[in-house]
There are 2 protein chains.
Amino acid sequence: MADKLTPRATDYSKWYNELVINADLAEHSAVRGCMVIKPYGFAIWEKMRDALDKMFKDTGHVNAYFPLFVPKSFLEKEEGHAEGFAKECAVVTHYRLKVDPNEKGKLMVDPDSKLEEELIVRPTSEAIIWNTYKGWIQSYRDLPILVNQWANVVRWEMRTRLFLRTAEFLWQEGHTAHATAQEAIGETKKMLDVYAEFAEKWMAMPVIKGSKTESERFAGALDTMCIEALMQDGKALQAGTSHFLGQNFAKAFDVKFTSKEGVLDYVWATSWGVSTRLMGALVMAHSDDQGLRLPPMLAPIQVVIVPIYKGEEQLATIGEKVTPLMQELKSRGISVKFDDDDTKRSGWKFAEYELKGVPVRLAMGPKDLENGTVEIARRDNGTKETVPFEGIADRIQQLMIDIQDNLFAQAMGYREEHITRVDSYEEFKKLLDDKGGFFLAHWDGTKETEERVKDDTKATIRCIPFGMGEEEGVCMVTGKPSKQRVLFARAY
Amino acid sequence: MADKLTPRATDYSKWYNELVINADLAEHSAVRGCMVIKPYGFAIWEKMRDALDKMFKDTGHVNAYFPLFVPKSFLEKEEGHAEGFAKECAVVTHYRLKVDPNEKGKLMVDPDSKLEEELIVRPTSEAIIWNTYKGWIQSYRDLPILVNQWANVVRWEMRTRLFLRTAEFLWQEGHTAHATAQEAIGETKKMLDVYAEFAEKWMAMPVIKGSKTESERFAGALDTMCIEALMQDGKALQAGTSHFLGQNFAKAFDVKFTSKEGVLDYVWATSWGVSTRLMGALVMAHSDDQGLRLPPMLAPIQVVIVPIYKGEEQLATIGEKVTPLMQELKSRGISVKFDDDDTKRSGWKFAEYELKGVPVRLAMGPKDLENGTVEIARRDNGTKETVPFEGIADRIQQLMIDIQDNLFAQAMGYREEHITRVDSYEEFKKLLDDKGGFFLAHWDGTKETEERVKDDTKATIRCIPFGMGEEEGVCMVTGKPSKQRVLFARAY
């Protein structure tokens, strides 16, 4: 373990960077903007992925895999889409290296291997997938298509941060095809609900559901729905999006189907995705100045047992004592690690597992052996108790639930305190600086006002929330009429 | 379902291509050499992946993720490695497109976005990973590192075939670091054993373990071990490789560690991988002229129930009858599909599930309802029986084992018939054409002889097998002394 983390209050951004690196979640690679996801970080991502994958399958989706490369001409077919992604593409132009005749031991791009058409490393897969769906869809009988893909994508970001914004990231992208607009809109909403459920139940992170404004929509979508979470520094983070694509991609790639009634029409589409960005959200939603606080449902190690001992014999006695407990926990599906590493002091271990966010720590020493006790510490609230060893498995199982609930309650408490209704632009600007968080305010529905707020304050409309702020009023900036409050915040 | 497959005896290669496409495993994409893995094919790959992943974790490995891109200069660092992969690389040279000023609606590569150093889309990840390990390893305490990655890789193959040889494919690559050569060699063998166990137990495909000859080694390895399987056309297929890399990559990337005794030394390495090529092996090892024959342990649908009915009412009665059976099968971990699609005839369905390789098919009609029976058909041997419905779950559970075993036994029987000991080059050449399969023959150990056999016959040394053919003799080509027989075959 490295030195102490910079406290959040001192520099939140620095705290985040140090935490991601010190807790062994990820690191910068030698390739500009690309990260290495380290084993501990990847173990958390695997748990997220498996939980989401099960939710997708339970809602009728299947996985498939489409090519990494998108021919340039495919990207051109949907105009808005092309504009949205052209500026941040990794472009493959050649398919061979050769020995550099002028420099021994060096390789050079073989100019004879220039591709006739450049290939784009997928920034997202609508283009390549809709070109494929053209071959899969003729009739209403071929619909719906409910496909998901787990993949890596590349967007050439200039300013990158581990997990939050990287040139390459891992994600899943669902791409569905439907016979009617209504069904596609239903799918868009359904998957937004799946994301919200995942964020709240698994990540213990409350989210607000809504639709993006037109200017914040996905390139090529008619409607982009999103879930927005609040980080501890009062900034919002978009944690997932679900797009209703209308018939845009079907038209761009000429994908038609014959309906039951024999009418030929274009297919309706959705796409939806979440990415390794969720790792950043997980870190920032819960962690503290001592390190990660992981919700038990996503913690790679849920319980760690640290022996306090002098000499081999004491260690062996403690090991024997905890072996049946470990078996019992494993049989209940609780992951547990016994850290008998002799090269580290127990104080070092305590700090290390605090940093790594392990939800429950047990410590057992000679006194505990005498008294039939064990010390149990909660990572979420820092409490420590010495309790009877007898019945400890039940207590731990209950703690898994309690800690998960407590992290959610804390995050929800913070968000409730930081969601403010404002009616004047002056107040908005003041509270944005002084308090941060979400703001529910009236907006006149124009791009100009949205842009002005962004220029003035760096805050954006995170979404037009569902089931929140639905009342008439006047725009806080222009005084023009507004049908409902929208959700403003500064955001990641 | 499409038309009948070309029989294997008529054109094995055509049969394979038709089967992969008709059974909905994969298809060619619009991107040269890249495939789309369709949901049914991907579901099989997921089962393979999950089984392998568990075996890796059970042997102490963890997953991580490294960048897609490898800077050109990294590839140059290990000379043999560079030579091996330079000729088949996708090269990223630019990071932006822009609107083409000369052609409305078209995009062009922005010449201002040229990268200072070209990036190679990883053909394998030794270079980027060893550059990363440099930061992870200082002392013997940091060893071993036992990391695996599931990823896509790109090798610009000119002649591609679905699953067997594609420009992009999915795979796993293990990359481990050790303090001693002995430990690294142990790891290399251990993972070869894992692959062999997976191939035989899960894929029902017998394999022969051995080491590659020097000329067939992985670029940068000191020893490449492999498992070799035999396809039904008498050609061999390399199904997995495990490499002992010595200190080559540690030297190329300057990765040293301090031993317990305080001595500074380079780290010892292994890498090992299997890919979506295994899908091709699975198809070719077992399938017949009617379609796939999937081993139950990898079949996405293990049991299909086809109702034979006239009218809604009969269908509903059959549905009611089989619902408890389906629940019972699911509770035993057996996947089952009830195909009540009203738009397809039952004959069509029978052929479809035969094509898709579903191990067990139940058919239930009005007579069965009267008699309390059900028709049960095995995909592996084509037998059909009408049996009592009572107790059918037990029978199915046993069939899962029997079919898995039978497919292995058939493949093993074929291989045993097609592994021939030969002592004369004339006989070798004759039998290679007339019979095919593996040949155990003496070889003088020289590259020249190996090359000559390849030029004369297109057969290669698949491996120097472990525990097979270890007897002295004379080379079948040159008459020079040989310490053991090696395994020859024509191969995929």
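Thresholds applied
- Residues numbered from 1 in each chain as written.
- Chains lettered and ligands numbered in written order.
- Predicted model: local features only at pLDDT ≥ 70, side-chain atom pairs only at ≥ 80, totals over all residues.
- Pairing = 2+ DSSP bridges.
- Helix = DSSP H or I, 4+ residues; strand = E, 2+ residues; numbered from the N terminus.
- Axes fitted to C-alpha atoms, helices over the stretch in contact; angles between N-to-C directions.
- Contact = placed C-beta atoms within 7 Å.
- Buried ≥ 20, exposed ≤ 12 C-beta atoms within 10 Å, placed from the backbone.
- Parallel < 35°, antiparallel > 145°, perpendicular 65-115°, else oblique.
- Left-handed = near helix turned anticlockwise from the far one by under 90°.
- Nonpolar A, V, L, I, M, F, W, Y, C, P; charged D, E, K, R; others polar.
- Least-squares fit on C-alpha atoms with pLDDT ≥ 70 in both.
- Core = buried A, V, L, I, M, F, W, Y, C linked by C-beta atoms within 7 Å.
- Domains from an automatic or database assignment.
- pLDDT = per-residue confidence, 0-100.
- Arc of directions from axis to C-beta.

Note: strand β5 (residues 91–94) of chain A against strand β5 (residues 91–94) of chain B, three bridges, orientation antiparallel. Across the sheet, the residue bridging to A:H94 is B:V91, located in β5(B). In terms of strand pairing, β5(B) meets strand β8 (residues 114–121) of chain B through three bridges, oriented antiparallel. The residue bridging B:V92 from the neighbouring strand is B:L119, located in β8(B).

All names here are of chain B. Within the open sheet, the five strands sit side by side as β18-β17-β19-β20-β21. Their pairing is mixed. Every other strand in the sheet has two partners, leaving β18 (336–338) and β21 (384–388) as the edge strands with one partner each. Taken pair by pair, the neighbouring strands of this sheet meet at an average axis angle of 25°, ignoring direction. Bridge count for strand β19 (residues 360–364) against strand β20 (residues 373–378) is four bridges, and the pairing is antiparallel. The partner of L362 across the bridge, within β20, is I376. Lying over the sheet, helix α12 (residues 392–417) contacts β17 (303–307), β19, β20 and β21, oriented at roughly 5° with respect to β20.

Let's shift gears to the pairing of β21(B). All names here are of chain B. Of all five residues making up β21, only zero are buried, and the element is barely covered by its neighbours. Alignment of β20 against β21, held across five bridges, turns out to be antiparallel. Looking across to β21, one finds that V374 is bridged to V387. Between the end of β20 and the start of β21, which pair antiparallel, lie five residues, with G382 showing a positive phi angle near 75°.

All names here are of chain B. The geometry of helix α2 (residues 39–58) relative to helix α6 (residues 181–202) is characterised by a closest axis approach of 11 Å and an angle of 140° between their N-to-C directions. Put simply, α2 runs oblique to α6. Judged by the twist between their axes, the crossing of α2 over α6 is right-handed. Facing α2, whose interface residues are A51, L52 and M55, α6 presents V194, F198 and W202. Class assignment of the residues belonging to the contact of α2 with α6 gives a composition of six nonpolar, no polar and no charged.

What follows is about the relation of the copies chain A and chain B. If you rotate chain A by 180° and push it 0.0 Å along the axis, it lands on chain B with an RMSD of 0.0 Å. What we have between these two chains is a two-fold relation. Among all residues of chain A, the minimum C-alpha distance to the rotation axis is found for A:V92, at 2.1 Å.

The next subject is the nonpolar core. The biggest cluster of nonpolar side chains holds 311 residues, and the ones touching the most others in it are A:A199, A:I227, A:A229, B:A199, B:I227 and B:A229. When sequence neighbours within four positions are dropped, the list of residues in contact with A:I227 reads A:L192, A:Y195, A:A196, A:A199, A:V207, A:I208, A:K209, A:A239 and A:G240.

This part covers the sheet that holds strand β20 (residues 373–378) of chain A. Residues and elements named next belong to chain A. One open sheet holds the five strands; their spatial order is β18-β17-β19-β20-β21, and the pairing between them is mixed. Sheet topology places β18 (336–338) and β21 (384–388) at the edges, where each strand pairs with a single neighbour. Strand-to-strand twist across the sheet, computed as the mean angle between neighbouring axes with direction ignored, equals 25°. As paired strands, strand β17 (residues 303–307) and strand β19 (residues 360–364) are joined by five bridges and run parallel to one another. Of the residues in β19, the one forming a bridge with V306 is A363. Where helix α12 (residues 392–417) meets the sheet, its contacts fall on β17, β19, β20 and β21, and the angle it forms with β20 comes to roughly 5°.

Each assigned domain of chain A is listed here: domain 1 (23–68 + 132–286), domain 2 (303–399) and domain 3 (419–489). Each of domain 1 of chain A and domain 2 of chain A has a C-alpha centre, and the two are 39 Å apart.

Bringing unusual backbone geometry into the picture now. Cis geometry is found at the peptide bond from A:L143 to A:P144, where omega equals -10°. Looking at the element boundaries, A:P144 is found in the loop between α5 (126–136) and β9 (145–154). The residue B:D254 is not glycine, and still its phi comes out positive at about 55°. Relative to the helices and strands, B:D254 resides in the loop between α7 (248–252) and β14 (256–258). Given 11 C-beta atoms within 10 Å, B:D254 falls into the exposed group.

Turning next to the confidence of the model for chain A. Averaged over every residue, the pLDDT of chain A is 96; the share at 70 or more is 99%. The ipTM, which scores confidence in the relative placement of chains, is 0.96 for this predicted complex, and the corresponding pTM is 0.97.

Buried residues of helix α4 (residues 79–86) of chain A: A:H81, A:A82, A:F85 and A:A86, and no others. Down the axis of α4(A), the sector holding all buried residues measures 115°, keeping them to one side. Residues of α4(A) that are buried sit in contact with α3 (72–76) and α5 of chain A together with β6 (97–99) and β7 (107–109) of chain B.

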